[in-house]
Amino acid sequence: MTSSKRLTIAMQKSGRLSDDTQALLKRCGLKLNLQDRRLLAHVANMPIDIMRVRSSDIPGLVMDGVCDIGIVGDNTLEEAALERKLLGSNCEYIRTKGLNFGGCRLSLAMPEEFNYQGIESLNGLRFATTYPQLLKRYAQENNIDIDFCLLKGSVEVAPRVGLADGICDLVSTGATLEANGLKEVEVIYRSTAALIQNPTPLSGEKQEIFDTLLQRMQGVMKAKE
Ligand code: PRP
Ligand code: MG
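Cut-offs applied
Residues numbered from 1 in each chain as written. Chains lettered and ligands numbered in written order. Predicted model: local features only at pLDDT ≥ 70, side-chain atom pairs only at ≥ 80, totals over all residues. Heavy atoms only, no water. Disulfide = S-S within 2.5 Å. Patch = residues over 30% accessible without salt bridge, like charges linked within 9 Å, V, L, I, M, F, W, Y side chains within 5 Å. Areas by Shrake-Rupley, 256 points an atom, 1.4 Å probe, with all protein chains shown as cover. Salt bridge = Lys/Arg side-chain N within 4 Å of Asp/Glu carboxyl O. Buried < 20%, exposed > 50% of the residue type's maximum accessible area, 1.4 Å probe, protein only. Near = heavy atom within 4 Å. Polar contact = N/O pair within 3.5 Å; in protein donor to acceptor, adjacent residues only side chain to side chain. Helix = DSSP H or I, 4+ residues; strand = E, 2+ residues; numbered from the N terminus. Nonpolar A, V, L, I, M, F, W, Y, C, P; charged D, E, K, R; others polar.

Enumeration according to the criterion identifies zero disulfides in this entry. Of all cysteine sulfurs, the one in Cys67 lies closest to Cys28, which takes part in no disulfide; the gap is 18 Å. Take Cys104: it sits in no disulfide, and the sulfur closest to it among the cysteines is that of Cys168, at 11 Å.

Glancing now at a nonpolar patch on the surface. Judged by side-chain polarity, Val157, Val161 and Leu163 come together as a nonpolar surface patch covering roughly 230 Å² of accessible area. With a relative accessible area of 39%, Val157 lands in the partly exposed category.

This part covers the site of ligand 1. Ligand 1 sits among Gly153, Ser154, Glu156, Asp169, Leu170, Val171, Ser172, Thr173, Gly174, Ala175 and Thr176. In this structure, an oxygen atom belonging to ligand 1 sits 2.4 Å away from a side-chain N or O atom of Glu156. Between Thr176 and ligand 1, the recorded distance is 2.4 Å, taken from a side-chain N or O atom to an oxygen atom. Its free accessible area being 500 Å², ligand 1 has 64% of it covered by the protein chains. Where the shell around ligand 1 is concerned, the elements lending two or more residues are strand 9 (166–171) and helix 5 (175–179). When its residues are assigned to classes, the shell around ligand 1 shows three nonpolar, six polar and two charged.

Glancing now at the pattern of salt bridges. In total, this model carries eight salt bridges according to the counting rule given. Put simply, Arg6 and Asp49 hold a salt bridge, and the shortest N to O gap is 2.7 Å. In this pair, Arg6 sits in the segment before strand 1 (7–12) while Asp49 sits in strand 3 (residues 48–53), placing the two residues 43 residues apart along the sequence. Its relative accessible area of 9% is what places Asp49 among the buried residues.

Everything listed is a geometric property; what it means functionally is a separate question.
Written out as structure tokens, the structure reads:
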């Protein structure tokens, strides 16, 4: 559990959300000196520590109370919450605020030549994905029976090498799908970046820091509208 008087924020070290997250925190007035290999950074002008980690670790760090708050994509958050629930680990969190970046969708995509005739035509097929829980939930809700294999990245390569019939992965511009001869056939989840917090109430001091930060975020996001 976090015990210091400094508010601890988990953010993605590198990847889709890291630049925008860093820019948001800077616009909120946090003096960040993030060096590539330094994974725990003290904010110079506020009692805040920044923990830079893999995005898939952020939900668990917040749910377990290692970090007070986190900035993470809804896709990663929901996948982690479903998986942790299944394993009987802490899976409670508060989604304090949706953020105005990191918009993407989690979609099913098939090779361009696939004859898609509605989701029933996916029955019995195998999908490569980084999001097995979200995919399983979608399949259950839609009464289709599909198989999956787990890939942590470069998911779009799977159909071409015979690892899977299709994929379930994030789409933002659609450029990666196109470059790999795939077409989007169903959107199964829409996501943006979100600010999350551990459900245990913060100490008075930390709550004050958090309130200041939230107020500034509100201002920064309004100015961007
Ligand atoms: C992400 C995601 C998609 C792609 C979507 O991958 O997994 O592959 O971006 O973006 P687009 O629709 O704009 O092309 P990323 O490049 O982060 O690499 P990874 O999957 O290997 O981690
Ligand atoms: Mg990818």
